[in-house]
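# A closer look at the structure
The lines below spell out each chain.
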Amino acid sequence: MRRLLKIFRREIAPQKPVLDNGQVFKERYLYFKQLLNENNAVLEIMADMEDKLAGEYIFDMNYVRSSCNKLVDSVQNIIVNLDKLSKGKYPNLYFAFAKINSKIEAVLINKTDIPVTDFTIPFESATKEMVNSVGGKNANLGEIKNKVGLPVPDGFCISAYAFKKFIEYNELKDKIVLKSVDIVDIEGLNQISREAQNLIMKSQIPSDVETSMLNAFSELSRKISRGVSSPTVSVRSSAIYEDAEFTFAGQYKTVLNVNTDNLIEQYKKVIASLFTPRAIFYYKSKGFDEEDMVMAVGVVEMIDSKASGVMYSHDPTDAEKNNIIINAVWGLGKYAVDGTVSPNIYVVSRDESKTILEKTTPVQKVMLKCNSEEGTVEVDVPEEKRATSCLTDDQIKFLADYALALEKHYDRPQDIEWALDENNNFLILQTRSLRILKEKPVKNIQTITKNHKILIDKGQIACKGVGAGKVFIINKEEDLEKFPEGAVLVAKHTSPQFVTVMNKTSAIVIDVGSLTGHMATLAREYKIPTLLNTEVAMKTLKADTEVTVDAFNGNIYEGRIDELVEAGKRENHFKDTTVFKVLRELLKNIVPLNLIYPEDEKFSPDYCETFHDITRFSHEAAMREMFKIVDNPDINKREAVKLEVKIPLEIYVIDLGGGIKSDSKKITPDHILSIPMNALLKGMMAIEWPGPPPINVKGFLSVIADTTMQPRSEKLLWKPSFAIISREYMNFNIMLGYHIQTIEAYAGDNINDNYARFLFKGGGASLDRRTRRTRLIKEILEMMDFSVKRTGDVLDARITKYNKSTILKKLDILARMTAYTKQLDMTLFNDAMVDWYVKEFVDKYYKEN
Amino acid sequence: MAARILVVDDELDMLALLAMIISEKTEHKVTTTNNPLEVIQFVLEGGYDLIITDLKMPTMDGIELIGKIRNIDQYIPILVITAYGSIESAEEAINKGAYDYITKPFRKEQILIAIDRALEWKSMKKELKELKEKNQ
């Protein structure tokens, strides 16, 4: 055999070196390395931002902004490096980046354009989506009326657009100069505030706005007069910025009991309250301009309520109790809110029965009512009512149902203002999230899980939560098609393709994977409880059995523990704050992955919608570029050094940096510093390179008994093999007589960078034999956890995101297999042979690993 | 024991978040302001057991604020919140008399632990002072 090889070697004379691409290789490798670093940076920042969204951290806008800036920088660097690596092959990535970046900037700046609308908008057409036109309070009343279907007072909104027209008409933008305000100077702030408010009071409402307001008012009067000669309204501020609403609660003006004659005047009073010293301070310190100071106003039917009050759909002090709390006073609700009088308190159970559990009825001597002309007035509560309950039992239960309806619509406990009119009709005046709710005390985990066996107690948490379902094991990509609703996905390693079933996955358990990898990022986006690096899940968890995955503590339990799943769903009130909303909005342009299958035609820069898409595309493209680095017709040996090694291959090595420790033109394996190359050589040298088929093996003889050896007619390929290496990288193009195979690997300290790839192609044997050979290799590789694509006799196998030592083990096996399969196509004359060889290889080389 | 805590930050979200955690997880009463200028007034009025303040605020530097608070109240613990990467100013704050600092972003538990420790420190100081007075 050896002799034969020598002859062949002489037959094909080594080509003369032509070019020096060593420098080019080095440069390109540098771009590749930089790209890998930036890729990791992006994945880490994304993971960190998603982590913050889970609600365990306190962070501010500064964090959000600086994370975004870092992300933008890294993504840009990725694109630049790929551009250089690929010599400008993907110019459209720059466009994709610009598109996404401008969306991100828009979210960060958070400038709200005032939509052009009618000057007045009836509540009938308002919904919560219209907050930029009608302000928060109005939008909410519209929502209750039109979407929840509960009664609210009649009324209309004076839009933000009307405000804008008013400001423009009076050229107030030039007159109210906030630019020069020194916000540290309190007296100065007060001065400016007074001037601005005076200016507004002296200004004229544009006639078209005024007409619209008066028309809307008379329309409203017609509806609400119900026989009364001159109905009145309340005029309420309805701020555009939620932030503003939160900070200035109670500072913006509300005028009660206004009639048609002074509507315009009161409107001006309300919008003037926008310019309080505190509001100016806030807007200025936040870097807003005066043009961002906008206010919509609500004109609401005045309900001279018989009784009114506040209710909570849940007991804010004890959620465990499952009660609705209602308080009530005689007259207008202001006294219930500001504590002037002690209200009636009713505690109602939330269940079907709406049992009234408690009823407190203190004596109420005075109440607030509408004045007959305008404004409000305190009057005595009639003697017979003072000690009696404001509401009857039936009314209490009726109101409790409203509380539950609102909670259901908004999907969280509500804090509701209500009123009862003189005709005993209930009206909802306002509802908002009940913010401070004591968390349910969580039962001790040990108590919940004491009757359940722990199947697995190791693993890293990639996404917190608890999920339960039947185990569904993914061995290969096609298994995903059969993934059942609500199952627990169990797999050996991570894959971004799992995203295709994430909408029906209750938990994910992976034996090997990276916390900052694509899949972990997606699991967090879909909020799927996920454990990684469980190591033994594939062995331990049985398909189709129920398990509960506790991705808070990193345990997997036998059976379904609903109580634990419930405990995992604790509400997070943080998520209502603006900074969370901004982060969530931003992540929509960052995290979702649209580019899933590299072989898909849409896997291209044109379809990148997020930074994650760009990152994944660039990483794939970069690996492709590196893989092809030796696919160069001009590759030559001038830059290369010859590797003297005791295997029947002629190997030349090109060092990209840190791969070799010698300057000499001839080296031995002792000079190789490249981690993956060493692993591969070790494997190659450990195996005996095959001679003729093992005819002395009994099993083998039985297989070939009825076949005849075919004569060898194909021409051998015999060329030098090139290995381009660095300390962590290897791209080894092996010329193996009848076929070409490339083994590429990256084995560094960051798991996200690591991969091994094996490409097998060509060969001189007849097609059926070549196909058999690729089938053989495919089966062996799949047993080694590679994901393998086979097209005819071309085979492309890959394994990604394993730690360094595992990658090196895989290389060792690849080396042994290379030697083993070297001439197999010569002997693979029927399919049964393939099975025999697979078994032999596994018995001999794989099991010992 | 329920304490009264004053939280100062120019960023409204931070105020909202801090107020939310403290009220959700403890019995303490929280007052918030985004205007450092108001803090002096609050401290003069008295009754607070702990002040939590940001260091970077538009109207008044946190360091300056600590100085002003110390002029009025020698003992009230001040817990400083600093942005990541500005340890120097946190150290300066400690030198000016802040009790401790915590770096943003931080976990919920971190701030709760810091609050507990600061309040413990305060009551220890008080006991110590009383003991000394008794012995004199």
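One structure accompanies this document, and this report is about it. (Residues numbered from 1 in each chain as written. Chains lettered and ligands numbered in written order. Predicted model: local features only at pLDDT ≥ 70, side-chain atom pairs only at ≥ 80, totals over all residues.)

Along the backbone of chain B there are 5 helices and 6 strands. Starting at the N terminus and walking to the C terminus, you meet the elements of chain B as β-α-β-α-β-α-β-α-β-β-α. Burial statistics for chain B: of 136 residues in total, 35% are counted as buried. A fraction of 60% describes how many contacts in chain B between residues 6 or more apart in sequence connect residues 24 or more apart. (Helix = DSSP H or I, 4+ residues; strand = E, 2+ residues; numbered from the N terminus. Buried ≥ 20, exposed ≤ 12 C-beta atoms within 10 Å, placed from the backbone. Contact = placed C-beta atoms within 7 Å.)

All right, on to the nonpolar core then. All names here are of chain A. Formed by 176 residues in total, the largest nonpolar core has its most connected members in Val 488, Leu 489, Val 490, Val 509, Val 653 and Leu 680. Here this core gets 11 residues from one element, more than from any other, and that element is helix α2 (residues 22-53). Judged by nonpolar contacts, the second largest core, of 91 residues, contains Phe 166, Ile 240, Val 299 and Leu 332. (Core = buried A, V, L, I, M, F, W, Y, C linked by C-beta atoms within 7 Å.)

Another aspect to go through is unusual backbone geometry. In this chain, Lys 104 of chain B is followed by Pro 105 of chain B through a cis amide linkage whose omega measures -10 degrees. Within the secondary structure, Pro 105 of chain B sits in the loop between β5 (100-103) and β6 (106-107). A positive phi is found at Asp 544 of chain A, a non-glycine position, where the angle reads about 75 degrees. Summarising the element assignment, Asp 544 of chain A is placed in the loop between α17 (537-540) and β21 (546-550). What makes Asp 544 of chain A exposed here is the crowd of 11 C-beta atoms within 10 Å.

Let us now look at the environment of Arg 757 of chain A. Secondary-structure assignment places Arg 757 of chain A in strand β29 (residues 755-761). Ignoring any residue separated from it by four or fewer positions in sequence, one finds Arg 757 of chain A in contact with Phe 627, Glu 744, Ala 797 and Arg 798 of chain A.

Residue and element names in this part refer to chain A. For helix α5 (residues 131-148), with 18 residues, the first-to-last C-alpha span of 17 Å runs short of the 26 Å given by 1.5 Å per residue. At Lys 137, α5 shows its maximal kink, close to 80 degrees. Most of α5 is tucked away: 15 of the 18 residues are buried. (Expected span 1.5 Å × (residues − 1). Bend = angle between axes of the 7 residues up to and from the residue.)

We now examine the packing of helix α3 (residues 62-72) of chain B against helix α4 (residues 87-95) of chain B. All names here are of chain B. With their axes 10 Å apart at the nearest point, α3 and α4 run at an angle of 10 degrees to one another. On the basis of their axis angle, the class for α3 and α4 is roughly parallel. Of α4, the residues touching α3 (which contributes Gly 62, Ile 63 and Ile 66) are Ser 89, Glu 92 and Ala 93. Of the residues contributing to the contact of α3 with α4, the split by class is 3 nonpolar, 2 polar and 1 charged. (Axes fitted to C-alpha atoms, helices over the stretch in contact; angles between N-to-C directions. Parallel < 35°, antiparallel > 145°, perpendicular 65-115°, else oblique. Nonpolar A, V, L, I, M, F, W, Y, C, P; charged D, E, K, R; others polar.)

With that settled, the discussion passes to the sheet that holds strand β1 (residues 4-8) of chain B. Residue and element names in this part refer to chain B. Spatial ordering of the open sheet is given by β2-β1-β3-β4-β5, a layout of 5 strands whose pairing is parallel. Of all strands in the sheet, those with a lone pairing partner are β2 (29-33) and β5, marking the two edges. Direction aside, the axes of adjacent strands within the sheet are offset by 20 degrees on average. Where strand β3 (residues 50-54) lies against strand β4 (residues 78-82), 4 bridges are found, and the strand directions are parallel. Each residue of the ladder has a partner; that of Ile 52, found in β4, is Leu 79. Most of the contacts of helix α1 (residues 12-25) go to β2, to which it runs at about 175 degrees, and overall it touches β1, β2 and β3. Along the sheet face, helix α5 (residues 108-135) touches β3, β4 and β5 and points at about 175 degrees away from the line of β5. (Pairing = 2+ DSSP bridges.)

Now for the packing of helix α21 (residues 675-686) of chain A against helix α24 (residues 804-821) of chain A. All names here are of chain A. At their nearest, the axes of α21 and α24 sit 7 Å apart, and the two run at 40 degrees to each other. Between α21 and α24, the angle is such that the two are oblique. Between α21 and α24 lies a crossing whose hand is right-handed. Taken together, the residues of α24 that come into contact with α21 (itself represented by Ile 675, Pro 676, Ala 679, Leu 680, Lys 682, Gly 683, Met 684 and Ala 686) are Leu 808, Leu 811, Asp 812, Ile 813, Leu 814, Ala 815, Arg 816, Thr 818 and Ala 819. By residue class, the composition of the contact of α21 with α24 is 12 nonpolar, 2 polar and 3 charged. (Left-handed = near helix turned anticlockwise from the far one by under 90°.)

When you tally the buried positions in strand β8 (residues 323-330) of chain A, you get 8 out of 8 residues, the bulk of the element. Of the two faces of β8 of chain A, both are covered, the one formed by Asn 323, Ile 325, Asn 327 and Val 329 of chain A as well as the one formed by Ile 324, Ile 326, Ala 328 and Trp 330 of chain A.

Turning next to α1 of chain B. Taking 1.5 Å per residue, 14 residues should reach 20 Å; α1 of chain B reaches 20 Å between its end C-alpha atoms and fits that length. The complete set of buried residues in α1 of chain B reads Leu 12, Asp 13, Met 14, Leu 15, Ala 16, Leu 17, Leu 18, Met 20 and Ile 22 of chain B.

For the rest of this paragraph, the subject is the environment of Ile 614 of chain A. Residues and elements named next belong to chain A. Relative to the helices and strands, Ile 614 resides in helix α20 (residues 611-627). Given 25 C-beta atoms within 10 Å, Ile 614 falls into the buried group. Linking Ile 614 and Leu 93, residues 521 residues apart in sequence, is a C-alpha distance of 7.2 Å. If we skip the residues at most four places from it in the chain, Ile 614 touches Val 75, Ile 78, Ile 79, Leu 93, Ala 96, Phe 97 and Cys 608.

With that settled, the discussion passes to the sheet that holds strand β7 (residues 307-312) of chain A. Residues and elements named next belong to chain A. Spatial strand order, β10-β9-β8-β7-β13-β14: 6 strands in an open sheet with antiparallel pairing. With one partner strand each, in any of the chains shown, β10 (356-360) and β14 (426-433) form the two edges of the open sheet. Across the sheet, the mean angle separating the axes of adjacent strands is 15 degrees when strand polarity is ignored. Note that strand β13 (residues 414-420) and β14 share 7 bridges and pair antiparallel.

So, on to the pairing of strand β6 (residues 295-301) of chain A. Residues and elements named next belong to chain A. Taken across its 7 residues, β6 has 7 buried, putting it largely inside the fold. In this sheet, β6 lies alongside strand β3 (residues 155-158) in antiparallel orientation, the contact comprising 4 bridges. Paired with Gly 155 across the bridge in β6 is Val 300. Sheet analysis places strand β4 (residues 233-239) next to β6, joined by 7 bridges and oriented antiparallel. Each residue of the ladder has a partner; that of Arg 236, found in β6, is Gly 298.

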